[in-house]
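Working through the structure, step by step
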Amino acid sequence: MSEHTERQSESSLNNTTGLWVGWIGLILGIIGFFWQPIFLGIAAIILGIIGLFSPQKALNGIALAIGVIVLIYGIAIL
């Protein structure tokens, strides 16, 4: 039983970590539309990729997509 409890707590940690990484990536991507789009776009992409290894795949996929859009936007306005 203790093995099941350990896996459950490990899973919730990964779930919570994935949630935080996804939200931070999403916020960085949104801020990137207004300030430092290249740097914040890259940061959102990196956080989105890291977050894809957690159970929160949808949120981190959105953060990744917004990071790519912001990076393209930042390159286009150069």
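Remember, predicted model here, so these are calculated numbers, not experimental data.

Quick notes on the rules
- Residues numbered from 1 in each chain as written.
- Predicted model: local features only at pLDDT ≥ 70, side-chain atom pairs only at ≥ 80, totals over all residues.
- Heavy atoms only, no water.
- Helix = DSSP H or I, 4+ residues; strand = E, 2+ residues; numbered from the N terminus.
- Buried < 20%, exposed > 50% of the residue type's maximum accessible area, 1.4 Å probe, protein only.
- Contact = heavy atoms within 4.5 Å.
- Phe/Tyr/Trp six-rings, centres within 6.5 Å; stacked < 30°, edge-to-face > 60°.
- Expected span 1.5 Å × (residues − 1).
- Polar contact = N/O pair within 3.5 Å; in protein donor to acceptor, adjacent residues only side chain to side chain.
- Core = buried A, V, L, I, M, F, W, Y, C linked by side-chain atoms within 4.5 Å.
- UniProt positions renumbered as here; feature names shortened; annotations may be inferred.

1. As for the overall build of the protein
Looking only at helices and strands, the protein features three helices and zero strands. Ordered by position from the N terminus, the helices and strands of the protein form the series α-α-α. When the 78 residues of the protein are sorted by exposure, 29% land in the buried category. Of all intrachain contacts in the protein linking residues separated by at least 6 positions in sequence, the fraction that spans at least 24 positions is 64%.

2. A short note on the packing of aromatic side chains
Under the counting rule described, the total for this entry stands at one aromatic pair. On the basis of an interplanar angle of 50° and a centroid distance of 6.0 Å, the ring pair of Phe-33 and Tyr-73 is categorised as tilted. Taken together, the positions of Phe-33 in the loop between α1 (2–32) and α2 (37–51) and Tyr-73 in helix α3 (residues 57–76) put the pair 40 residues apart, joining distant regions of the chain.

3. Observations regarding α2
Under the 1.5 Å per step criterion, the end-to-end length of α2 is 20 Å for 15 residues, consistent within 8% with the ideal 21 Å. Residues of α2 that are buried: Pro-37, Leu-40, Gly-41, Ala-44, Ile-45, Leu-47, Gly-48 and Gly-51.

4. Description of the side chain of Asn-60
Looking at the element boundaries, Asn-60 is found in helix α3. Engagement of the side chain of Asn-60 in a polar contact is seen with the backbone oxygen of Gln-56, the distance being 2.6 Å. Look past the residues within four positions of Asn-60 in its chain and what remains in contact with it is Gly-18, Val-21, Gly-22, Leu-47, Gly-48, Gly-51, Leu-52 and Ser-54.

5. A look at the nonpolar core
Leu-26, Leu-59, Ala-63, Ile-66 and Val-70 form the largest nonpolar core, which has five residues in total. Looking at this core element by element, the count peaks at four residues for α3. When near neighbours in sequence (up to four residues on either side) are disregarded, Ala-63 contacts Gly-22, Gly-25, Leu-26 and Ala-44.

6. Details of the UniProt feature "transmembrane region" (unreviewed entry) in the protein
Cross-referencing UniProt, the feature "transmembrane region" (unreviewed entry) maps to residues 20–53 and 58–77 in the present numbering. Secondary structure content for residues 58–77 is 95% helix and 0% strand, and the end C-alpha separation is 29 Å.

7. A few points about unusual backbone geometry
One non-glycine residue, Gln-36, lies in positive phi territory at about 50°. Tracing the sequence through the fold places Gln-36 in the loop between α1 and α2. For Gln-36, a relative accessible area of 36% puts it in the partly exposed group.

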